[in-house]
Amino acid sequence: MTLQPKPMFRKIIYPFYDSETACIVIIILMLLILMFSIAGISVAREVPQYNGYVWVPVVLAIMSAIILLPAAIRLIKHYLARFSHNSNP
């Protein structure tokens, strides 16, 4: 019995968190959290007794941006890979 080589035409299987749907959901949620934190920053800056707590929405904005950017980059890479494979005859 000879060993058959693995076929080269298999599709790449992405993990669930790397799917386009998951990336879109993550991007939408992180944009909502980013808008919420921006509103929190503006409220904390306007009310003098909350000036000491500006760091909370700032940290929230930074954390949501840290999650948002890789998800957006991942989604762009998926779209570029899909369109580059479809353009080849």
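The present account deals with the structure reproduced in this document. (Residues numbered from 1 in each chain as written. Predicted model: local features only at pLDDT ≥ 70, side-chain atom pairs only at ≥ 80, totals over all residues. Heavy atoms only, no water.)

### Thoughts on the overall build of the chain
- When its secondary structure is counted, the chain shows two helices and zero strands.
- For the chain, the residues scored as buried account for 17% of the 89 residues in total.
- The long-range fraction of contacts in the chain, counting pairs at least 24 apart against all pairs at least 6 apart in sequence, stands at 71%.
- Summed over its atoms, the accessible surface of the chain is roughly 7,700 Å², and 73% of this surface lies on carbon and sulfur atoms. (Helix = DSSP H or I, 4+ residues; strand = E, 2+ residues; numbered from the N terminus. Buried < 20%, exposed > 50% of the residue type's maximum accessible area, 1.4 Å probe, protein only. Contact = heavy atoms within 4.5 Å. Areas by Shrake-Rupley, 256 points an atom, 1.4 Å probe, with all protein chains shown as cover.)

### Quick notes on helix H1 (residues 20–46)
- Helix length check: H1, at 27 residues, gives a terminal C-alpha distance of 39 Å against a target of 39 Å (1.5 Å per residue), a fit within 8%.
- Of all the residues in H1, the buried ones are Ala22, Cys23, Ile27, Met30, Ser37 and Ala44. (Expected span 1.5 Å × (residues − 1).)

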